[in-house]
Every structure is written in C-alpha cells, then in structure tokens.
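# A look at the structure
The residues making up each chain are set out below.
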Amino acid sequence: MQTHPKKRIEIVTEMPMLRRITARLDEAGVTGWSVVPILAGHGQSGDWTAEGQISATRQMVMLISIVDAARLDAVLDAVFAVVSTHIGFVTVSDVAVMRPEKF
C-alpha cells in the first residue's frame, strides 16, 4: 500500500482556548481536526489532573490535525498568537497517510 508524507500538529491547551484555535485553523484552510480530552499530566508546574474539575476552565485538551508540509508554516503562524500566551504546547511530527486527498 502506498503512503504519502504529511505533518501532524498537536496542540495541547486549556479548553476555553479551543474555539479560538479552531477558528484560526479554519481561517488557515485546515480541512479537519480532532479533539481529545487530557485526563492528567506532569510539567514545569508539577502534576495536574482533571479529576474533580467541575468546569471547563481548568480542563485540558489536545487538538490533532494533519496537513500538507507546504501549508505547515501558515497553519502554525495562524495559531501561534493564540497559543503563545497560554498554558500548553504545540508539537509537529512527520506522519504517513494512505488517503492524501483527505488532508
């Protein structure tokens, strides 16, 4: 089976930032993304858990999107202003997909 190279973007952020980020992705022409809840983690501030959280304010999510490498910089520029001043991080990795027309 033939595969095609793409870029996977993962954005870990606070739930209240999600709509602002997805709006930027839409403006940048990203055709799809998925959101996954984050249940716990550990970072510079120590341990964190969603257990017992009663509002979305302190909930964390991971937004995942796959884009063509030629569009990567434009997409990252679009979301950087939103994510740069908030809790979280952005990663980019190489992936291979079987249906390149989806991305």
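For the structure given in this document, a descriptive report is provided here.

Cut-offs used in this document
- Numbers given to residues run from 1 along each chain, matching the order in which its sequence is written.
- At least 70 in pLDDT is required for a residue's local features to be given in this predicted model, at least 80 for side-chain atom pairs to be given and counted, and no such filter applies to totals for whole chains, interfaces and linings, which use all residues.
- Side-chain metrics in this entry use all non-hydrogen atoms of the structure; hydrogen atoms and water are not considered.
- Joining through side-chain atoms within 4.5 Å is the link that ties buried Ala, Val, Leu, Ile, Met, Phe, Trp, Tyr and Cys residues into a set, and such a set is a nonpolar core.
- Between buried and exposed lies partly exposed: a residue is buried under 20% and exposed over 50% of the maximum accessible area for its type, with that area taken using a 1.4 Å probe on protein chains only.
- Think of it this way: any DSSP run of H or I at least four residues long counts as a helix, any run of E at least two long counts as a strand, and we number them from the N terminus.
- Between two residues, a contact is recorded if the distance between any of their heavy atoms is within 4.5 Å.
- Between the N-to-C directions of two axes lies an angle of 0 to 180 degrees, each axis being a line fitted to C-alpha atoms and, for a helix, fitted only over the stretch in contact.
- Note on terminology: angles under 35 degrees are roughly parallel, angles over 145 are roughly antiparallel, angles of 65 to 115 are roughly perpendicular, and the others are oblique.
- In this scheme the crossing of two helices becomes right-handed for a clockwise turn of the near helix relative to the far one and left-handed for an anticlockwise turn of less than a right angle.
- All residues other than Ala, Val, Leu, Ile, Met, Phe, Trp, Tyr, Cys, Pro, Asp, Glu, Lys and Arg, Gly among them, are scored as polar; the first ten of these are nonpolar and the last four charged.

Ranked by internal contacts, the top residues of the largest apolar core, which has 15 residues, are Ile9, Ile11, Ile21, Leu25, Leu63, Val67 and Val75. Within the residue set of this core, elements represented by two or more residues are strand 1 (4-14), helix 1 (18-27), strand 5 (60-67) and helix 2 (72-83). No other element matches helix 2, which puts five residues into this core. Once residues within four sequence positions are removed from consideration, Ile11 is found in contact with Ile21, Val61, Met62, Leu63, Val79, Val83, Phe89 and Val90.

This next bit is on the packing of helix 1 against helix 2. Two packed helices can be described by the angle between their axes and the distance between those axes. Running from N to C, helix 1 and helix 2 point in directions that differ by 160°, and their axes come no closer than 9 Å. It follows that helix 1 is roughly antiparallel to helix 2 by the angle criterion. As helix 1 runs across helix 2, the sense of the crossing is right-handed. Seen from helix 1, the contacting residues are Arg20, Ile21, Arg24 and Leu25; seen from helix 2, they are Val75, Ala78, Val79, Ala81, Val82 and Val83. Broken down by class, the residue content of the contact of helix 1 with helix 2 amounts to eight nonpolar, no polar and two charged.

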